[in-house]
Amino acid sequence: MLIGVTADSGADKAGPSATATTTVTSAQTVVAPPGADVASAPASSTPKPFAFGVSWTLNNIDPAKPFEGSLTVLSYKQGFASVGSASQEAGEPGYVWAYAELKLCGTKGSYTDNTSSWTLYYRDGSRINPSGTTYGDFPKPEFPFEVTVTAGKCARGKLAFTVPSTKRPESVLYKPEGLDEPREWAVPKA
């Protein structure tokens, strides 16, 4: 499967931005966290959700800009406190802050991504994008708005969302532009 990932290079924030496109393949290679027992399963046409801590392998097929790396969701927490109001940001009462802890690593080449590739998915079909706001008391480290990883380097941090206090997402989705089907990590029940 081919995906195209488009990201602002960030070279000149004051002027027009340059855009770089990276095409990567998605391998359903599972890298389990230490101590986990993972059984081999035949590949299906629809990828199954990963458990937290299990990595999805990214491979770039463009020989001019090769990249290999991994991506995972490490945790999810709903209901952290902040000086800013989640309900005010959402524009209606009953919202709280939540975060997904993410990790993107490179093993070969370089890869640029941004937070717009991530959403929370709910059983009723609704999706929530990351918060466009950050406050100084948000859990640290925060996942960078835009990040480039190279061989041997990672980006890890918490990405904040405003979520309904009475609902819990079913999964954390990663879908950069051009990916036919999102990759998802199942959110454990509270």
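Owing to the predicted nature of the structure, the values given are computational and were not obtained by experimental measurement.

Asker: Please explain the pattern of salt bridges as it appears in this structure.
Answerer: Where charged atoms of side chains with opposite charge meet at close range, the side chains can pair. Within the structure shown, the criterion is met by 4 salt bridges. We note a salt bridge from Arg156 to Glu101, for which the minimum N-O separation is 2.9 Å. Of this pair, Arg156 sits in strand 9 (residues 154-164) while Glu101 sits in strand 5 (residues 95-114), placing them 55 residues apart in sequence. Between Lys140 and Glu142 there is a salt bridge, with its nearest N and O atoms 3.1 Å apart.

Asker: Would you explain the nonpolar core in this entry?
Answerer: One recurring pattern in soluble globular proteins is that nonpolar side chains are buried together. In this structure, Trp118, Leu120, Val163, Val172 and Trp185 are the most contacted members of the largest nonpolar core, which totals 29 residues. Listed by contribution, the elements that provide at least two residues to this core are strand 3 (55-60), strand 4 (67-80), strand 5, strand 6 (118-121), strand 8 (146-150), strand 9 and strand 10 (171-174). With 5 residues, strand 5 is the single largest residue contributor to this core. In this structure, Val172 is in contact with Phe52, Val73, Ala100, Trp118, Thr119, Leu120, Arg183, Glu184, Trp185 and Val187, ignoring residues within four places of it in sequence. Phe80, Ala86, Trp97 and Phe138 belong to the second-largest nonpolar core, a separate cluster that totals 6 residues.

Asker: In this structure, what is going on with the state of the cysteines? I would like to understand it.
Answerer: Simply put, the disulfide is a covalent bond whose two ends are the sulfur atoms of two cysteines. Counted according to the given criterion, the structure contains 1 disulfide. Disulfide partner of Cys105: Cys154, at an S-S distance of 2.0 Å. Looking along the S-S bond of the Cys105-Cys154 disulfide, the torsion reads about 110°, which is the right-handed sense. Remark: Cys154 occurs in strand 9 and Cys105 occurs in strand 5; sequence separation between them is 49 residues. Take Cys154: its relative accessible area is 44%, and that puts it in the partly exposed class.

Rules and cut-offs
Residues numbered from 1 in each chain as written. Predicted model: local features only at pLDDT ≥ 70, side-chain atom pairs only at ≥ 80, totals over all residues. Heavy atoms only, no water. Salt bridge = Lys/Arg side-chain N within 4 Å of Asp/Glu carboxyl O. Helix = DSSP H or I, 4+ residues; strand = E, 2+ residues; numbered from the N terminus. Core = buried A, V, L, I, M, F, W, Y, C linked by side-chain atoms within 4.5 Å. Buried < 20%, exposed > 50% of the residue type's maximum accessible area, 1.4 Å probe, protein only. Contact = heavy atoms within 4.5 Å. Disulfide = S-S within 2.5 Å.

All quantities given are derived from atomic positions and should not be read as evidence of function.
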